[in-house]
Amino acid sequence: MSNTSMSNTAMSSNTLTVVDREGATHDLEWEPDQSMMEALRDNDLPVLASCGGTASCATCHVFLEQDVFSTLEERSEDELELLVEAEGYRECGSRLSCQVGFSRDLNGVTVTLAPED
Ligand code: FES
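Computed from a predicted structure; not experimentally measured. (Residues numbered from 1 in each chain as written. Predicted model: local features only at pLDDT ≥ 70, side-chain atom pairs only at ≥ 80, totals over all residues.)

### Here's the deal with the environment of Thr59
Here's step 1: With respect to the helices, strands and loops of the structure, Thr59 is situated in the loop between α2 (36–42) and β3 (61–64).
Here's step 2: Residue class for Thr59 comes out buried when judged on the 20 C-beta atoms lying within 10 Å of it.
Here's step 3: Sequence separation of Thr59 and Val109 is 50 residues, and the distance between their C-alpha atoms is 20 Å.
Here's step 4: Among residues more than four places away in sequence, those in contact with Thr59 are Val47, Leu48, Ala49 and Ser50. (Helix = DSSP H or I, 4+ residues; strand = E, 2+ residues; numbered from the N terminus. Buried ≥ 20, exposed ≤ 12 C-beta atoms within 10 Å, placed from the backbone. Contact = placed C-beta atoms within 7 Å.)

The following block contains the structure:
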């Protein structure tokens, strides 16, 4: 008769550590039905996401640590085209967070918000 719904919920999401543009860190929950951008935006981080996640604005640009970045699928042509024009682009680290889907492998990773253009 114990209530385990809280722990079940906690087990179903990932934890993200986010470094904002002022260098402050935020720990947040990333739910399985969210893209990384949606997790950032829904936790009130300053990610404009003006295109709504269609890889056409680059306002969701983030930096991932190199060892994490290298485990992800390659960026699409469209994503890469936007990123190379974005402020602070890193060949090994820049992603549009709207194009990063939920994955258990990304539990506990650190994400840094890129500077605004
Ligand atoms: S939300 Fe516009 S490119 Fe990601």
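From this point, the narrative continues.
### What to know about the nonpolar core
Here's step 1: One finds Met36, Val62 and Val111 to be the most contacted residues of the largest nonpolar core, which totals 22 residues.
Here's step 2: For this core, the elements supplying multiple residues, two or more each, are β1 (14–19), α2, β3, α4 (77–84) and β5 (110–113).
Here's step 3: When residues of this core are assigned to their parent elements, the largest contribution, four residues, is made by α2. (Core = buried A, V, L, I, M, F, W, Y, C linked by C-beta atoms within 7 Å.)

### Focus on the pairing of β3
Here's step 1: On β3, burial covers both faces: His61 and Phe63 on one face and Val62 and Leu64 on the other are all buried.
Here's step 2: Direction of pairing for β3 relative to strand β4 (residues 94–96): antiparallel, over a ladder of three bridges. Pairing of His61 across the sheet is with Leu96, part of β4.
Here's step 3: As paired elements, β3 and β5 share three bridges and run antiparallel to each other. Following the sheet pairing, Val62 is matched in β5 by Leu113. (Pairing = 2+ DSSP bridges.)

### Observations regarding the environment of Asp27
Here's step 1: Summarising the element assignment, Asp27 is placed in strand β2 (residues 25–30).
Here's step 2: For Asp27, a count of 10 C-beta atoms within 10 Å translates into the label exposed.
Here's step 3: Sequence-distant contacts of Asp27, that is, excluding residues within four places in its chain, are made with Thr15 and Thr17.

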